[in-house]
Amino acid sequence: MSILRTRVVCLIAALLLLTACAREAQPKQVDPTLADLRQRVSAAFDGTASSAARRAAADDSVRLLLSLLQRPESYEITDEEWSASPRPGVEVMVRHVDLGSGVHLYALALPGRSLVDEADRVVVQVRGGSMPFAYELTPLPLGRLDAARVYSEPGGQLITLTLREGERTGFVAQFSGPGSGPFALVSDAFAGMEGTYGTAQLKLEEGILRVTIADGPWAPAFDDRERGTLVLAPEVYLKWDGRFKLVDESRFDAVTLMSMATDPAKWCRQEGDCPQAVFEALSVSPKQAAEIAWQLATAKLTRTLAAEGGWSDGLALRLPDGSRILEDEGRALSARLLTVPAPEPLKGLAYTAVQFRTGGGIPLTRVLDLPGPVESVRVTAHHGNPALLLVVDETADREAGTVESRGVHLLLLDAGNDWQPASDWVGFLPEAPLWNIASVSPHAVTISWDRDQMPDFSVALEAGEEPQVAVCQRPGDCHYLTWVDGTLNSLPILTYYVAELTRPHTPGELEWYAGQVAEFLRRVDPASPTANRLRQLIDPDGRYGVSVIEAGDNTRLVSLPPNPTGTHLAILHYPGQAQLVATYDGVVSRWEAAQIVQAGQERRLLLLGRSDVAATLLAFNWQYGVWAPADPLEEEVNRIMVLSLRVMHTPGAERPARGLIVLGGQTMRASLSSTGASFCEGVMGCINYRYDGGWRLD
């Protein structure tokens, strides 16, 4: 018996020893790492493995991600580390979204229907206490996580997320659960919402809402201005109020919405009579409700016009009073504008859209940012670019006063087929109340008048490739804004200033009037209009004796009319330069010649003016790209040099001229040549102005 007992004790001891050895030999369990997850995700995309192996790797990846997220160490993993690519062709491994309230989503990229078609497995992590909780949100269709929100409710939380399947399709799903999880699909969250609403078609698939957009990409968005609102499509959204409610505002067309903007209180008697935003704003301010209705109306009208067949002939008749369709066509551009003035509560607003076609291409529609409704339009070209010239009603408040305003605008078509304000087209257009030009900016010209005093006043665009702007105080009494070398100018005002040069004024006043002509010339390229055309622009009927003298090399001298006070002004015209040239005390009554001469390494421009008793020579040196005034001689001269020819010159003196003055009788001859100038009396008596190492008289 003792032998049997001994054997039993030995057997038990051996078993205990073996168990201890086995436990000691068992390897210690190792926690998964981000590198392990990256390796399994890479294996899931391995095209050389079998489909079963890839599916197993994908399931392992989800388990590894859950394991990682169930440890507080996961808080320290940065978004950059989560998103690092596991292999070429997969840009992002895990996308992290912090939903707030301790809820975090992790979208794990895995193969979808093919290796190149990625789909997300979505895991939620709930942080709180010493250890986080992590669960996969399932079931979900194949898609990429687009957006998500979390809603707290008594006893739990709701998670709503959108998945993108294709460009125009996607899904909306909602999960519910206690505060720390797990979360289950709410299968009746979207019950009763199937159907077509505006551009969105909604269909339920096993408790998940499938969204298909008929026109354009699907762009779901949570509206942060209204907690929980999920926009599915324009004017179609899910409003959160303890549960989702489908709101379809696509049933309000643009015409109805514009009517609402006229009188929101009449339309919005109860919820559902008008868009929710208009109804809610009405309790704050009727004007605010009108503004929102107007914004919704113009947005809808823009979508209508962009669609094929949106521009119907009777469209303007259905819109508010004052709406009109304007059309014009040129060689390379045709345009049709719809302009709609805002209703009375929204004074000063307007909506204008243009449908245009360039070079026989497809028609495009754009909305124009203008300060009022358009009254007139002409298609044109500006420096070779398609352009629209517009007259816009900019009257601010007709009830507050009698002043009417019209703005002239030029829009250019850019490379993206958008219309932008031009900034280099306003030429000589000074503010002139007498001519009804109220204000001028680089982008617009404003014309104003009193409608009580001038009830027949009008601003209209003429026809033609360079349409003039007719400003008429009454029919038949008009002045025109004219295009010259790509800029719009008021030539009648210019001619008025030229006329003032013939009347007695102080030298300072005369120089101001001549300076206005110089402002016009500064914007004109001398190579563009011919000398005769330029003279006609400044002095249309020739009554003031304006002349244009060519000096060569794009340089001209524009001679202005002499003044009875003895002051005579001219303008030296070169690209980008309009230099005022002044003489006094009657030494010049007419300008006769201009000549560019080469003097060693320098170029000098000589101007020759005459009167009955004198010849005046002015000099300009070429410096830094412009003609700069210079003294013809370095020394002072005041003496008779030949016969009765007296030469006077004072360096730096401005009066009677900064130049060389030669006094002589009526038989004195003066001329310019390629080498200088000559002043002669009789047959042999001449004074020559020439260059010989320096400028001299001999």
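Residues numbered from 1 in each chain as written. Predicted model: local features only at pLDDT ≥ 70, side-chain atom pairs only at ≥ 80, totals over all residues. Heavy atoms only, no water.

Here the focus is the overall build of the chain. For the chain, the count of helices and strands is 12 helices and 44 strands. Taken over C-alpha atoms, the radius of gyration comes to 42 Å for the chain, far larger than the 26 Å a tight globule of 698 residues would show. Dimensions along the principal axes, computed over C-alpha positions, put the chain at roughly 170 × 70 × 45 Å. Counting all 698 residues of the chain, 46% fall into the buried class. Counting contacts in the chain only where the partners sit at least 6 residues apart, residues at least 24 apart contribute 47% of the total. Here the chain displays about 33,600 Å² of accessible surface, and carbon together with sulfur accounts for 51% of that area. (Helix = DSSP H or I, 4+ residues; strand = E, 2+ residues; numbered from the N terminus. Rg over C-alpha atoms; globule rule 2.2 N^0.38 Å. Buried < 20%, exposed > 50% of the residue type's maximum accessible area, 1.4 Å probe, protein only. Contact = heavy atoms within 4.5 Å. Areas by Shrake-Rupley, 256 points an atom, 1.4 Å probe, with all protein chains shown as cover.)

Bringing the sheet that holds strand β3 (residues 117-126) into the picture now. Pairing is antiparallel in the open sheet, where four strands are placed in the order β1-β2-β3-β4. The open sheet is flanked by β1 (94-100) and β4 (133-136), the only strands paired with a single partner. Going from strand to strand, the sheet's axes swing by 30° on average, the running direction of each strand aside. Inspection of the sheet shows β3 paired to β4 by four bridges, in the antiparallel sense. Bridging from a neighbouring strand, Val123 pairs with Glu136 of β4. In the packing of helix α2 (residues 34-44) onto the sheet, the strands contacted are β1 and β2 (103-114), and the crossing angle to β2 comes to about 30°. Lying on the sheet, helix α3 (residues 51-69) is in contact with β2, β3 and β4; it crosses β2 at an angle near 170°. (Pairing = 2+ DSSP bridges. Axes fitted to C-alpha atoms, helices over the stretch in contact; angles between N-to-C directions.)

A few words now on the packing of aromatic side chains. The final tally for this structure, using the stated rule, is 19 aromatic pairs. A centroid spacing of 5.3 Å and a plane angle of 80° characterise the contact between Phe356 and Trp419, whose relative ring orientation is edge-to-face. In this pair, Phe356 is assigned in strand β18 (residues 350-358) and Trp419 in strand β23 (residues 419-421), connecting sequence segments 63 residues apart. Of the two residues, Phe356 and Trp419, neither departs from the other in class, the shared state being buried. Ring centres 5.7 Å apart and planes at 55° place the aromatic pair Tyr496 and Tyr497 in the tilted group. In this structure Tyr496 comes out as partly exposed when scored by relative accessible area, which is 35%. Given the relative accessible area of 10%, Tyr497 is considered buried. Connected via pairs of aromatic rings, a cluster forms that spans Phe428, Trp435, Tyr496, Tyr497, Trp512 and Tyr513. Looking at Arg603, its charged tip hangs above the ring of Trp622, at a distance of 5.5 Å from the centre. Note that Arg655 overlies the ring of Tyr584, its terminal NZ or CZ placed 4.2 Å from the centroid. (Phe/Tyr/Trp six-rings, centres within 6.5 Å; stacked < 30°, edge-to-face > 60°. Lys NZ or Arg CZ within 6 Å of the ring centre and 35° of its normal.)

This brings us to the side chain of His573. Note on placement: His573 falls in strand β32 (residues 568-574). Non-local contacts of His573, meaning those with residues more than four positions away in its chain, are made with Leu521, Val524, Asp525, Pro526, Leu534, Asn554, Thr555, Arg556 and Val558.

This part is about α2. Listing the buried residues of α2 in full gives Leu34, Leu37, Val41, Ser42 and Ala44. Along the long axis of α2, the arc covered by the buried residues comes to 155°, so they all point the same way. Looking at the packing, one finds that the buried side of α2 touches α3, α4 (79-83), β1 and β2. (Arc of directions from axis to C-beta.)

Further remarks concern the side chain of Arg556. Assignment of secondary structure puts Arg556 in strand β31 (residues 555-559). At 2.8 Å, the side chain of Arg556 and the backbone oxygen of Pro529 are in polar contact. Of the polar contacts made by the side chain of Arg556, one reaches the side chain of Glu550; its length is 3.0 Å. Setting aside chain neighbours within four positions, we find Arg556 in contact with Pro526, Pro529, Thr530, Ala531, Leu534, Val548, Ile549, Glu550, Ile571, Leu572 and His573. (Polar contact = N/O pair within 3.5 Å; in protein donor to acceptor, adjacent residues only side chain to side chain.)

As a further point, take the pairing of strand β35 (residues 602-610). Along any regular strand, the residues point their side chains to alternate faces of the sheet. Among the nine residues in β35, seven count as buried, and that is most of the element. Pairing of strand β34 (residues 590-599) with β35, which is carried by nine bridges, proceeds in the antiparallel orientation. Bridge pairing in β35 places Ala594 opposite Leu607. The hairpin turn running from β34 into β35, its antiparallel successor, is two residues long, and Gly600 in that turn takes a positive phi close to 65°. In this structure, β35 lies alongside strand β36 (residues 614-623), joined through seven bridges in antiparallel fashion. Residue pairing for β36: Leu607 is matched across the bridge by Leu618. Between β35 and β36, which pair antiparallel one after the other, the connecting turn spans three residues.

Trp425, Val469, Phe520, Leu521, Ile538 and Val558 are the most contacted members of the largest nonpolar core, which totals 55 residues. Looking at this core, the element that brings in the most residues is helix α11 (residues 507-522), giving seven residues. With residues near it in sequence (within four places) discarded, Val469 still touches Leu389, Val408, Val459, Ala460, Leu461, His479, Tyr480, Leu481 and Leu488. Counting 30 residues, the second-largest nonpolar core is a separate cluster that includes Val255, Cys268, Ala293 and Trp294. (Core = buried A, V, L, I, M, F, W, Y, C linked by side-chain atoms within 4.5 Å.)

Before going further, it helps to spend a moment on the state of the cysteines. The tally for this structure, following the rule as stated, stands at three disulfides. Disulfide pairing is shown between Cys268 and Cys274; the S-S distance is 2.1 Å. For the disulfide bridge between Cys268 and Cys274, the dihedral angle about the S-S bond is near 135°, and by the sign convention the bridge is right-handed. Residue Cys268 shares its accessibility class with Cys274, and that shared class is buried. (Disulfide = S-S within 2.5 Å.)

Attention now goes to the packing of helix α5 (residues 254-262) against helix α8 (residues 286-306). At a minimum axis distance of 8 Å, the contact between α5 and α8 shows a crossing angle of 160°. Judged on the interaxial angle alone, α8 and α5 are roughly antiparallel. Remark: the crossing between α5 and α8 carries left-handed chirality. Residues Ala254, Leu257, Met258, Met260 and Ala261 of α5 lie in contact with α8, whose contacting residues are Ala290, Ala293, Trp294, Leu296, Ala297, Thr298, Lys300 and Leu301. For the contact of α5 with α8, the class distribution of residues is 11 nonpolar, one polar and one charged. (Parallel < 35°, antiparallel > 145°, perpendicular 65-115°, else oblique. Left-handed = near helix turned anticlockwise from the far one by under 90°. Nonpolar A, V, L, I, M, F, W, Y, C, P; charged D, E, K, R; others polar.)

Our next topic: the pattern of salt bridges. In the structure shown here, the tally under the stated rule is 34 salt bridges. Linking Arg210 and Glu165 is a salt bridge whose minimum nitrogen-to-oxygen distance equals 2.8 Å. Of this pair, Arg210 sits in strand β11 (residues 208-213) while Glu165 sits in the loop between β6 (156-164) and β7 (169-177); the two residues are 45 residues apart in sequence, bridging distant segments of the chain. One salt-bridge network, in which partners are shared between bridges, spans Glu375, Asp393, Glu404, Arg406 and Arg451. (Salt bridge = Lys/Arg side-chain N within 4 Å of Asp/Glu carboxyl O.)

Now for the confidence of the model for the chain. When pLDDT drops low, the exact placement of atoms in the prediction is not to be read closely. In the predicted model, the chain carries a mean pLDDT of 89, and the fraction of residues at 70 or more is 95%. Here residues 20-28 scores under 50 on pLDDT; set against residues more than four positions off or in separate chains, the count is zero contacts. (pLDDT = per-residue confidence, 0-100.)

Strands sit in the order β41-β42-β43-β44 across an open sheet of four strands; the sheet is antiparallel. Each of the sheet's edge strands pairs with one partner strand only, and the pair in question is β41 (669-672) and β44 (695-697). Between one strand and the next, the sheet's axes are offset by a mean angle of 10°, whatever the strand orientation. As paired strands, strand β43 (residues 685-691) and β44 are joined by three bridges and run antiparallel to one another. From the neighbouring strand, Arg690 faces β44, where its bridge partner is Arg696.

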